[in-house]
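# Coordinates in review
Here is what each chain is made of, one letter per residue.
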Amino acid sequence: MMAKRSRVRRRRWSDAALYLAFAFITLFFVFPVFWVFSMSLKSVPELFATPPIWFSTDPQWENYAFVLRNTPITGYLLNSAIIVFFTVLLTLAVAVCAAYGFSRFRFHFKKPSLMAILVFQMISPVVIAIPLYRFFVGLGLLNNYASLITVYVAAFLPFTVWFLKGYFDTIPYELDEAAIVDGCTRMQLLWRVLLPVSLPGIVSAGILVGVLSWSQFVIPFILLDDRDLYPVSVGLVNLRDSADAVTLHYLSAASIIAIAPVIAVFVLMQRYIVSALTAGAVKG
Amino acid sequence: MEKVAEEKAASRWRPGDTPVPWLLPLALVLVLVFVYPILEILRLSFTDASLVRPEYAYTLESYITLLRSPDFLSTLRITFIFVFASVVFQVLLGFIIALVVDQGVRRGLRGTIVTRTAVLSAWAIPGVIIGIIWSILYEESAAGILNHLANLVGFGSIPFLSEPNTALASVTVANIWRGTAFSMILIYAGLQTLPEDVLEAAKIDGANAWQRLTRVMIPLLAPVLFITLIIVTIETFNTFDMVMALTGGGPGRGTEVIALSIYYQIFQQLNLGRGAAAAVMLLAVNMIITFVYLRYIERRQGIE
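Residues numbered from 1 in each chain as written. Chains lettered and ligands numbered in written order. Predicted model: local features only at pLDDT ≥ 70, side-chain atom pairs only at ≥ 80, totals over all residues. Heavy atoms only, no water.

## Brief notes about the overall build of chain A
Counting its secondary structure elements, chain A contains 13 helices and 0 strands. Starting at the N terminus and ending at the C terminus, chain A contains elements arranged as α-α-α-α-α-α-α-α-α-α-α-α-α. Taking 284 residues into account, the globule formula puts the C-alpha radius of gyration at 19 Å, and chain A, at 24 Å, lies well above it. The dimensions of chain A, computed from C-alpha atoms along their principal axes, are 80 × 75 × 35 Å. With 284 residues in all, chain A has 55% of them scored as buried. A fraction of 74% describes how many contacts in chain A between residues 6 or more apart in sequence connect residues 24 or more apart. With the model as given, the accessible surface of chain A reaches about 13,000 Å², and the carbon-plus-sulfur share is 68%. One way to put it: in chain A the 21 positive side-chain charges average out to a point 17 Å from where the 14 negative ones average out. (Helix = DSSP H or I, 4+ residues; strand = E, 2+ residues; numbered from the N terminus. Rg over C-alpha atoms; globule rule 2.2 N^0.38 Å. Buried < 20%, exposed > 50% of the residue type's maximum accessible area, 1.4 Å probe, protein only. Contact = heavy atoms within 4.5 Å. Areas by Shrake-Rupley, 256 points an atom, 1.4 Å probe, with all protein chains shown as cover. Lys, Arg positive; Asp, Glu negative; His and termini not counted. Charge placed at Lys NZ, Arg CZ, Asp CG, Glu CD.)

## Some words on the overall build of chain B
Of regular secondary structure, chain B possesses 13 helices and 0 strands. Each helix (α) and strand (β) of chain B, taken in turn from the N terminus, gives the series α-α-α-α-α-α-α-α-α-α-α-α-α. Taking 19 Å as the expected radius of gyration for a compact globule of 304 residues, we find that chain B reaches 25 Å, considerably beyond that expectation. Each principal axis of the C-alpha distribution contributes one length, and for chain B these read about 90 × 75 × 30 Å. Here chain B holds 304 residues, and 54% of them are scored as buried. Within chain B, counting contacts between residues at least 6 apart in sequence, those at least 24 apart form 69% of the total. Surface summary for chain B: the accessible area is close to 13,900 Å², and the carbon and sulfur share equals 65%. Charge centroids of chain B, computed over 21 positive and 22 negative side chains, lie 5 Å from each other.

## A closer look at empty space enclosed by the protein
Throughout the structure, instances matching the rule amount to 2 cavities of 30 Å³ or more. Put simply, the largest cavity is a space of about 1,200 Å³. Gln121 and Leu212 of chain A together with Trp123, Phe182 and Glu235 of chain B are, among the 41 residues lining the largest cavity, the residues nearest its centre. For the lining of the largest cavity, the secondary structure elements donating two or more residues are helix H5 (110-122), helix H6 (125-139), helix H7 (145-169), helix H9 (186-215), helix H10 (218-223) and helix H13 (270-283) of chain A together with helix H8 (164-192) and helix H10 (209-237) of chain B. (1 Å grid on protein atoms, 1.4 Å probe; cavity = no way out; pocket = protein on both sides within 12 Å on 5 of 7 lines; lining within 4 Å. Points joined across faces, edges and corners; volume = space filled by probe spheres on them.)

## A few points about the interface of chain A and chain B
Facing 96 residues of chain A, the contacting portion of chain B comprises 94 residues. For the pair chain A and chain B, the summed buried surface comes to about 8,800 Å²; carbon and sulfur atoms form 81% of the total. Taken together, the links from chain A to chain B amount to 2 salt bridges. Asp15 of chain A is the partner of Arg107 of chain B in a salt bridge, and the nearest nitrogen-oxygen pair spans 2.6 Å. Seen at the junction of chain A and chain B, the total is 8 residue pairs in polar contact (both at pLDDT 80 or more). (Buried area = accessible area lost by both parts, 1.4 Å probe. Salt bridge = Lys/Arg side-chain N within 4 Å of Asp/Glu carboxyl O. Polar contact = N/O pair within 3.5 Å; in protein donor to acceptor, adjacent residues only side chain to side chain.)

## As for helix H3 (residues 62-70) of chain A
Because each turn of an α-helix spans 3.6 residues, side chains separated by three or four positions in sequence point in the same direction. Those residues of H3 of chain A that sit buried are Asn63, Tyr64 and Val67 of chain A. All buried residues of H3 of chain A lie within an arc of 100° about the axis, which places them on one face of the element. (Arc of directions from axis to C-beta.)

## Looking at a nonpolar patch on the surface
Residues and elements named next belong to chain A. A cluster of nonpolar residues, Leu78, Ile82, Phe85, Phe86, Leu89 and Leu90, forms a patch on the protein surface that exposes about 560 Å² of accessible area. Tracing the sequence through the fold places Ile82 in helix H4 (residues 73-104). On the basis of relative accessible area, Ile82 is assigned to the partly exposed category, the value being 33%. (Patch = residues over 30% accessible without salt bridge, like charges linked within 9 Å, V, L, I, M, F, W, Y side chains within 5 Å.)

## Things to note about the nonpolar core
Ranked by internal contacts, the top residues of the largest apolar core, which has 204 residues, are Ile222 and Leu223 of chain A together with Leu26, Trp134, Phe240, Ile262 and Tyr293 of chain B. Counting residues domain by domain, this core receives three or more from each of domain 1 (2-62) and domain 2 (72-283) of chain A. (Core = buried A, V, L, I, M, F, W, Y, C linked by side-chain atoms within 4.5 Å. Domains from an automatic or database assignment.)

## Remarks on the layout of surface pockets
It is a probe the size of a water molecule, rolled over the atoms, that shows where empty space is left. When its volume is computed, the largest pocket comes out at roughly 1,000 Å³. Among the secondary structure elements, those contributing two or more residues to the lining of the largest pocket are helix H1 (2-40) of chain A together with helix H4 (70-107), helix H9 (196-204) and H10 of chain B. Broken down by element, the lining of the largest pocket gets its largest block of residues, 7 residues, from H1 of chain A. Here the lining of the largest pocket is built from residues that sort into 11 nonpolar, 3 polar and 10 charged. (Nonpolar A, V, L, I, M, F, W, Y, C, P; charged D, E, K, R; others polar.)

## A closer look at the domain arrangement of chain A
All names here are of chain A. Domain boundaries assigned for chain A yield domain 1 (2-62) and domain 2 (72-283). Here domain 1 and domain 2 have C-alpha centroids that lie 34 Å from each other. The partner domain 2 presents 7 residues to the 8 residues of domain 1 that form the contact. Summed over both partners, the interface of domain 1 with domain 2 buries about 640 Å², with 85% contributed by carbon and sulfur atoms. The interface formed by domain 1 and domain 2 contains 0 salt bridges. Applying the counting criterion to the domain 1 and domain 2 interface returns 0 residue pairs in polar contact (both at pLDDT 80 or more). Here the element with the most residues in the side of domain 1 that touches domain 2 is H1; it accounts for 5 residues. Within the side of domain 1 that touches domain 2, the residues separate by chemical class into 6 nonpolar, 1 polar and 1 charged.

So, in structure tokens, the structure goes:
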């Protein structure tokens, strides 16, 4: 009786400790974003009030309207959307084929090739962006989305190929054999048999590539110098540095606008992202 | 017999049955965007090229100048401090949060998923925006929030971004905030693979929570922790965007990590040769750590 009661009590204490930890962790990670959100709704006097005001008494939603109207941010968002869309599409197309090749064929140098691909994953984008800058200047490919997106695709291919190869490996080969007996070509087999079964994996990889390419900064920062082409990551830095007129509440509103899409995708699709991150790293 | 073998050989060489067409697009993109630039940066690092002048000569001067330059040595020192502190705290915090979230899930506590989402969202925010967000938090006037809180607790005003050593600490804290989620999720995934019965057995044998953690869980998790450590280390060495947006490498050059230094040497000082040499050093660091990683996973399981 006593032992049981003390165990229950201990359990209750440790639950309380966990809740306390949850509160601390959530506060630490949410607070910076909350603060910027709060700043984005302040009026100018509130912005400079001392001590700082936690939350505006009269939230200025117009700040958002102002930013959308008077800064190029909608253009940046659109640019990001275009870059992300094509990056995800092309990365998946190339990676699905390559992952199929690695998963369903036996050939020499397969292991070294897979290892080499992993090496590329680890290389700093700054290192490759510099020679690419000179190369693109020489060929007149600077400020060109086609060349820019090619670099994005390359940057995300190593992870995506590894992840999808791992996913295809879990699909039994009997499925392929049945399709081959039915007279499918390899393309039909991939398209009609493997892809439908691997859809969750492909969606996970696609979301992750989408989130990462939305964040990508170094590549467009170095390979674009036409402001009209900037994605939102480069655009926001430009916005902050170029105009004194963009004061803190506008900069905060712009930051919130820029992160809203990723956070939304992230929260809604968390399940897929968590599975992609964990499968990609722990297995290999 | 012979005929069967022949048929097999023939079928093996059918045009639709080699992996080459499947791998060709990948190989093309990777050669163009990785292999060619790497060879090019190696070549440039042995020249005195400038970004604007077309002619150049081959020389070792770039490396010699760099390694003698107090500024570059200071960059290396800053980078190592930044990486070391970031990695230690990201992995440690990531581990603690993973344990807490894992326990929360096992006990069915409410709020577990909210906590996990909060941590992971930080990772989804673009690095430059994290830099901007933290620059707002680190505002040094009396209207700055962290400054206000520091005053409340009695620390007085802190020169978050205006004094080099403090600025390095501030940048590191922001980077820990950013990167902890990644360690957390890897370690969390590792926790899911721990054999339930082993933990249960330890519990029945009377091991307390601390003993179960240090003598059972950590040894079992060692491979995952090692992989996390490697990936986080490489990622941190490559940090560019967050520091660029938060301090731009300043004050002075107090937070100029190596990736920023490469960028400034080339695009501000237009010294392509020296920037390339610095890039090759970063590349070498990337390669060495990756090599350790590859040897490790190869030994552990290999790839089929």
